[in-house]
Amino acid sequence: MTSKLPLKADHVGSFLRTEVIKQARASYANGEIDQAALREVEDQEIEKLVKKQIDVGLKAITDGDFRRSFWHLDFFVSLKGIEKVEIDRGLQFADGVEVRRVSYEIKDKIEFDENNALINDFLYLNDLVKKYGDGTQVAKVTIPAPGVIFYRNVTENEKKVYADAHALFRDLGKAYREVIRQLYNAGCRYIQFDETTLTTFADENFVSLMTGITDLSKDEVLQLIIDATNYALEDKPADLLVSVHMCRGNFKSKHIHADGGYDYVAPSFDKLNYDAFFLEYDNERSGDFKPLENIQRRDVEVVLGVFTSKFPELEDEDVINRRIKEANQYIPLENIAVSPQCGFASTEEGNVLTEEEQWNKVKHIIQIAENVWDRASVDK
């Protein structure tokens, strides 16, 4: 197969917010600067970030989520019918770490908002990639997958707006189709869906949450996610790369409590109209590679998240090589790539490492990938 990804070493998208960004966002929150001033700072820091990504050798270039507070919330509240709300208890991560107490609620019918800033954000990023790149880079946009809508407060008002989950997911799928259409028309050729729902089906607590919200069985919930995703991607142009990144949460270097492998969901991967699957595999919590045998399509790439974005220590190259060989038992090497298991800053707080350590990790991943696939090319 001809590789669809621009590089065998990719990244998930978010980067540690710079101190300049953090200070500007704090000033905006305190009313010291306005939205225009904040955006000007974001523009300047994103420009530096784009140049840095190109300098270290990345080919898929993002804005690092520098305009976002959360990886998912900011996108959902940009759709009509969904609003940000304060809540009594934040999402709980490992070791008792709690996320900020904000969420979103469905207040009305979900629709794409023509004033959505996502398109202008992409245009700015794309212009920078063209300005500083050599033509081999591509601007990548990351958005939460439709299934992530499960992480919300369900109110009595929502139950009046949407009598059943199928109606909700149909409208959500329509909104996503419009997002994709608008991005493509703006010149976007690489979109990544971030999916933290499909990784939770091995955890009965999360399954109970999803089945309780929908009054559907476990199998029906999975099918609901598949149908909504494929509806969103139904008219996807052939030259638009759409990947999915699956992980188990990432907040201040902590994970959410959702242990277990991909055994239940992997048989459905071939049914999802994605071009690449980024799968968390940085520790034993994700299980082994055997579920990959369910991926029979050879027009997709499987991106092994065998590096961690949570900690600064650089992975041993021999260990990574062994893990790639293990996965190669089920997937041809030409269909494999590597990445961190998640971004470096799913929220603006970021993981517990420095910017220098972050970039050392990225360069380490690229170097190992080059060694693996250059060697494979020679062996042929």
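Above this note sits the structure.
The structure reproduced in this document is the subject of the present report. (Residues numbered from 1 in each chain as written. Predicted model: local features only at pLDDT ≥ 70, side-chain atom pairs only at ≥ 80, totals over all residues. Heavy atoms only, no water.)

### Thoughts on the overall build of the protein chain
(1) Moving on: Secondary structure assignment for the protein chain yields 10 helices and 10 strands.
(2) Moving on: Its C-alpha atoms give the protein chain a radius of gyration of 20 Å, within 12% of the compact-globule value 21 Å for 380 residues.
(3) Moving on: For the protein chain, the C-alpha atoms occupy an extent of roughly 60 × 50 × 45 Å along the three principal directions.
(4) Moving on: Summarising the internal contacts of the protein chain: among those between residues at least 6 apart in sequence, 80% fall at separations of at least 24. (Helix = DSSP H or I, 4+ residues; strand = E, 2+ residues; numbered from the N terminus. Rg over C-alpha atoms; globule rule 2.2 N^0.38 Å. Contact = heavy atoms within 4.5 Å.)

### Let's talk about the sheet that holds strand 8 (residues 276-280)
(1) Moving on: Pairing is parallel across the open sheet formed by six strands, whose spatial order is 5-6-7-8-9-10. At either margin of the open sheet sits one strand with a lone partner, and together these are strand 5 (141-144) and strand 10 (336-340). Averaged over neighbouring strand pairs, the angle between their axes works out to 25 degrees when direction is ignored. (Pairing = 2+ DSSP bridges. Axes fitted to C-alpha atoms, helices over the stretch in contact; angles between N-to-C directions.)

### Observations regarding helix 2 (residues 35-56)
Quick reminder: α-helices carry 3.6 residues per turn. Residues three or four places apart thus point the same way.
(1) Moving on: In this model, helix 2 (22 residues) spans 31 Å end to end at C-alpha, consistent with the 32 Å of a helix rising 1.5 Å per residue.
(2) Moving on: L38, V41, E42, D43, E45, I46, L49, V50, Q53, I54 and V56 are the residues of helix 2 that are buried. (Expected span 1.5 Å × (residues − 1). Buried < 20%, exposed > 50% of the residue type's maximum accessible area, 1.4 Å probe, protein only.)

### Looking at empty space enclosed by the protein
(1) Moving on: Evaluation of the coordinates by the stated rule reveals one cavity of 30 Å³ or more.
(2) Moving on: One number sums up the size of the largest cavity: a volume of about 40 Å³.
(3) Moving on: When grouped by side-chain class, the residues that make up the lining of the largest cavity number six nonpolar, three polar and no charged. (1 Å grid on protein atoms, 1.4 Å probe; cavity = no way out; pocket = protein on both sides within 12 Å on 5 of 7 lines; lining within 4 Å. Points joined across faces, edges and corners; volume = space filled by probe spheres on them. Nonpolar A, V, L, I, M, F, W, Y, C, P; charged D, E, K, R; others polar.)

### Concerning helix 7 (residues 204-214)
(1) Moving on: The set of residues buried in helix 7 consists of F206, V207, M210 and T214. Along helix 7, the residues classed as buried sweep out an arc of 100 degrees about the axis, all on the same side.
(2) Moving on: Along its buried surface, helix 7 packs onto helix 6 (165-185) and helix 8 (218-232).
(3) Moving on: The first or second residue beyond helix 7 is D215, which carries a positive phi of 60 degrees. (Arc of directions from axis to C-beta.)

### A short note on the packing of aromatic side chains
Here the distance between the centres and the angle between the planes together describe a pair of aromatic rings.
(1) Moving on: Under the counting rule described, the total for this entry stands at 15 aromatic pairs.
(2) Moving on: Ring centres 6.0 Å apart and planes at 10 degrees place the aromatic pair F15 and F344 in the stacked group. On the criterion of sequence distance, the pair formed by F15 in the segment before helix 1 (19-29) and F344 in the loop between strand 10 and helix 10 (355-379) is long-range, its members being 329 residues apart.
(3) Moving on: Taking relative accessible area as the criterion, F344 reaches 1% and is therefore assigned buried.
(4) Moving on: A ring pair is formed by F76 and Y104, whose centres lie 5.1 Å apart and whose planes are at 40 degrees; its orientation type is tilted. (Phe/Tyr/Trp six-rings, centres within 6.5 Å; stacked < 30°, edge-to-face > 60°.)

### A short note on the nonpolar core
(1) Moving on: With 109 residues, the main nonpolar core has F76, F193, F269, L292 and L304 as its most contacted residues.
(2) Moving on: Considering each element in turn, this core owes the most residues, 11 residues, to helix 6.
(3) Moving on: Residues contacting F269, with those up to four places away along its chain left out, are M246, Y262, F277, L279, I295 and R297.
(4) Moving on: Core analysis: the second largest hydrophobic core is formed by nine residues, V12, A60, L241 and F278 among them. (Core = buried A, V, L, I, M, F, W, Y, C linked by side-chain atoms within 4.5 Å.)

### Describing the environment of G350
(1) Moving on: Here G350 shows up in the loop between strand 10 and helix 10.
(2) Moving on: Residues G350 and D282 lie 68 residues apart in sequence; the distance between their C-alpha atoms is 18 Å.

### Looking at unusual backbone geometry
Peptide bonds are mostly trans, and most non-glycine residues show a negative phi.
(1) Moving on: At D65, a residue that is not glycine, the phi angle is positive and equals roughly 65 degrees.
(2) Moving on: Structurally, the position occupied by D65 is in the loop between strand 1 (60-61) and helix 3 (73-76).
(3) Moving on: What makes D65 buried here is its relative accessible area of 5%.
(4) Moving on: One non-glycine residue, D215, adopts positive backbone phi at about 60 degrees.

### Here we look at the pattern of salt bridges
(1) Moving on: Applying the stated criterion across every chain yields a total of 26 salt bridges.
(2) Moving on: Note that K131 is salt-bridged to E47, the shortest N-O span being 3.8 Å. Within this pair, whereas K131 is found in helix 4 (residues 118-132), its partner E47 is found in helix 2, the two being separated by 84 residues in sequence.
(3) Moving on: Judged by its relative accessible area of 57%, K131 falls in the exposed class.
(4) Moving on: For the salt bridge of D235 with R177, the shortest nitrogen-to-oxygen distance reads 2.1 Å. (Salt bridge = Lys/Arg side-chain N within 4 Å of Asp/Glu carboxyl O.)

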